[in-house]
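# A look at the structure
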Amino acid sequence: MKKIIKYFFLTIVMVYLSSCADSIHKYSKPIENILPSTTKKDKELNTNLTFQYSIDDLPTNYSPESDPNALVDELGLWMQVEKIEKSTLTAGNLVKNEHLNTYIKKVFCKVSPEYCNEIRIYIINVPFFNASMYPNGMMHIWTGALLRIQNEAQLATLIGHELAHYLKRHSYEAYERAIKTTGAATIGGILLGAAGLGSINQLIQLGMTSNFYSYGRNDEREADGYGLVLMARGGYKPEEAANLWKRIIETSKKLSLLEVSIFTKTHPSGPEREENLRKIAKIVPKNNSEFIGKKEYLKALKPIISSLITNEVKQGEFESSLLLFDKLIKDDFYLTYVYFARGELYRTKKDHINFDKAIENYKISEKYNAAEVQNLYKSIGLTYIKMGNKNNAKESFNKYITLHPDAKDINFIKAFMEKL
Amino acid sequence: MKNTKIWIKLSLFILVIGILTACKTFTLVEKDKFTDPVGMNVKPEINWNEHKYTNKEYAWTIDGEYLNQIMFISAGENEYFLPFKNKWGVTDPKSPQFNKTVTLLEIPELFVKGIEFYGAQLTILNIEPVYFLDNNGFKFNFTLVTEDGLEKLGIVYGTIVNDRLYIMSYVGAVIEFYGKGVNDFIQMAESAKL
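Residues numbered from 1 in each chain as written. Chains lettered and ligands numbered in written order. Predicted model: local features only at pLDDT ≥ 70, side-chain atom pairs only at ≥ 80, totals over all residues.

## Some words on the sheet that holds strand E4 (residues 68-75) of chain B
In a beta sheet, neighbouring strands pair by backbone hydrogen bonds and run either parallel or antiparallel. The following threshold applies: Each pair of strands is called paired provided DSSP finds at least two bridges between the two strands. Note on conventions: DSSP H or I runs of at least 4 residues are helices, E runs of at least 2 residues are strands, and numbering of each starts at the N terminus. The convention used is that axes are lines fitted to C-alpha atoms, helices contributing only their stretch in contact, and that angles between N-to-C directions extend from 0 to 180 degrees. Residues are treated as contacting if the C-beta atoms built from their backbones sit within 7 Å of each other.
Sheet architecture is open: eight strands sit in the order E1-E2-E3-E4-E10-E9-E8-E7 (chain B), paired in antiparallel fashion. Each end of this open sheet is capped by a strand with a single partner; those strands are strand E1 (27-29) and strand E7 (121-132) of chain B. With strand direction ignored, the average angle separating the axes of adjacent strands in the sheet is 25 degrees. Across nine bridges, strand E8 (residues 135-145) of chain B lies against strand E9 (residues 151-161) of chain B in antiparallel orientation. By the bridge assignment for E9(B), B:Lys139 is matched with B:Tyr157. This element, helix H22 (residues 410-418) of chain A, spans E7 and E8 of chain B of the sheet and lies at about 40 degrees to E7(B). Along the sheet, helix H2 (residues 107-116) of chain B makes contact with E7, E8, E9 and strand E10 (164-173) of chain B, crossing E7(B) at roughly 145 degrees.

Spelled out as C-alpha cells, the structure:
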C-alpha cells in the first residue's frame, strides 16, 4: 500500500516535471530549429511545384454547407465556428474602421471576384503576424500582419493564401485533426483563443500547448501556389508573394517566442517558401500583373497607424519590435510614428532603457512632423524628467500644451508642471 | 501500516488544502463601518463583498467581479501591480511595475497596459489632477470593452505617497451595474485616508 502511494506521488511529480520540461524545451529552442526542416522528399516535391497549380482546379461556387464530401464532424464544427463569428462581431479588439475594412474587402474582390460576397474578413487588433481562414468562410487578419506587410500585392498574397486553404478544404481537415487530438468538448475554447479574441494570456497558453494551426506542409505549399495564382490573376505582381515571405524571414530573426509558437512552427520554413514562390512567379499566368500598390496600402493604413505602432510597442518584445521598426524605416513607412515608437521602446522597456537613445529617436520624429504624433512632446518631457533635466522637461510639456490644447490630460500635465 | 495511514492522511490533507486554496472566497464588508483595504481607510455607505487577491490587491463587488468591481491596489519599490500571471502563477515580467523613479504622469499608461494584458480594450476619456489620500494625485474616467464585447465604464484614482503607489479603481458594466456602485466608490475615494 505504502509503495503504491509512493509511486502515485512519484508519478504525479514526474508528469508535472516532464510537462514543465517540455515547455521550457520549446521556449529555449532557437527559431531555426523550431521551423520544420526540408527533407529530401520535400525537395523532390518542390521541383514539381511550378506545374501543379491552375486556376481551373479551384471551384467557383464552393459552399461547405452543400459539400457532399462533408465529414461527419463538420456539422458540430460548423456550429462552433458560427459561435466564433458571433464573438468576433462583438469582440472588443475588432477593428471597425470603415475606410480600412472597405479597402481590404476591395483587395479581396480583386483576388477573387467569385467569392467577393461570400467571404467575411475581420481585422483583429492583435500585434502579432497571423491570418486564419475558418471553414464557414470567415477570415481573420491580425493587425500585426498589417504592420509587416509592405504593399497591396503582399496583402493580396496573404488573402489568396488563406482563401486557397478554404477552397481546398484544408481548414476542415486541420480542424478535424484537432478534434481528434484535442477533444470536441474543449475545442470551442481553443478556437476562440486561436482567433485572437481572447487575452494575450490565452494566446500564450495556446502557443505553448496547442498545435492547432497545423495544416501540414503540403497543404501550406498548395495554399502558397494557388494563392499566388489568385493574386496574379487579380493583377498583382507575383514576385511580391516571395517578397512577403522574405520580409517575414527578416523580421523573424528576433521573433517573439509567442509568434514562433502560433504561426511559424506549423508552416514550411521561410527560405523554402520564398524559393518556391519565386519559381512559381516566373511561370504563373499573368493578367497585366504588375500592380504593387505601396502608396495605396500606406494610405489605407493611415487611420489606424497610431494604434498599430502603439500596440507593437505595448506587446513588449524589445528586439523583435526594434528589428521591425528598422525595416519600416528603410521602407519609408510613416517615419514620424516609427521614430517615435523607437523612442518609446528605449524609454519604457525594462532592461533596455536608454534615455539618450530615446531622446535621439524622438528628435528625429520631431523633424518629420512634430504635431502628427500627439504624445511626442509628453514623452520627451517624461524622458527629460528621468534624466534630471527639469528645464527641458518643462519646455517639452509647454510644447505639448501649445500643440494639443484639447488633449484629455491637459489639466493633469499643467498641474504636474507646477510641481516641477 | 501506521506509516501507510500517515501517507493517506497527508494525501487527504494536501487535497483539501489544494481545493480550499483554489476556491475564491468573499467576505462581507458592512456599510457605515470604517475599513482599510491595503492601508486606505474608507467608509462604504452600502454593503460590498471583499476578495483578497494578495495583501496588496483587494477587490470589492456588489453583483460579482465581472459586473462591478472596486480594486484597491498598493505597490512599493519594484513591486508589480495588476500582475499578469502565466498558468503556473508566475508573474510575467512585462506586467506593470512600480519603482520610485516612476512619476505620477506615467501611472495612467501603466494602468492601461496592465488592463489590456487581460484582453480588454481601454480608452481613457479625461485625466484630471485631484487630491487623493491627502496628496497630489489624478483621477481618470475610461471606457472598456472586454474580450467578449461587454461594454464597461470605469474611474481610477491614484497617487504616490512616500515612494508607494496607491490606486483605487472602479469598473462596471454600462447597463445597470456601473450605476449601482459608482456613487459609493466616488465618496470613498474622495474621503479616503492613509
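## Re unusual backbone geometry
A positive phi angle is found at A:Asp332, which is not glycine, with a value near 65 degrees. Its location among the elements puts A:Asp332 in the loop between helix H17 (318-330) and helix H18 (335-348). Its identity as a non-glycine residue notwithstanding, B:Asp32 has a phi of 65 degrees, on the positive side. Structurally, B:Asp32 can be placed in the loop between E1 and strand E2 (48-54).

## A short note on the environment of B:Thr25
Looking at the element boundaries, B:Thr25 is found in the loop between helix H1 (2-22) and E1. Separated by 28 residues in sequence, B:Thr25 and B:Tyr53 have C-alpha atoms that sit 9.9 Å apart.

## Quick word on the sheet that holds strand E2 (residues 131-133) of chain A
Residue and element names in this part refer to chain A. In space, the three strands of this open sheet follow the order E1-E3-E2, with mixed pairing throughout. Edge strands, defined here as strands with exactly one partner in the open sheet, are strand E1 (120-124) and E2. The average angle at which neighbouring strand axes cross in this sheet is 15 degrees, direction not considered. Direction of pairing for E1 relative to strand E3 (residues 138-142): parallel, over a ladder of five bridges. Bridged to Ile123 within E3 is Ile141. Of the strands in this sheet, E2 and E3 are in contact with helix H7 (residues 152-167), which crosses E2 at around 30 degrees.

## Re the nonpolar core
Our working rule: Joined through C-beta atoms within 7 Å, a set of buried Ala, Val, Leu, Ile, Met, Phe, Trp, Tyr and Cys residues constitutes a nonpolar core. Any residue with 12 or fewer other C-beta atoms within 10 Å of its own C-beta is exposed, any with 20 or more is buried, and the rest are partly exposed; the C-beta atoms used are placed from the backbone.
Ranked by internal contacts, the top residues of the largest apolar core, which has 71 residues, are A:Val338, A:Ala341, B:Ile70, B:Phe81, B:Ile167 and B:Met168. If one sorts the elements of this core by residue count, H18(A) sits on top with seven residues. Excluding residues within four positions of it along the chain, B:Ile70 makes contact with B:Ala59, B:Trp60, B:Met168, B:Ser169, B:Tyr170 and B:Phe185. Core analysis: the next-biggest nonpolar cluster, separate from the first, contains 58 residues, A:Ile84, A:Ile123, A:Met138 and A:Ala156 among them.

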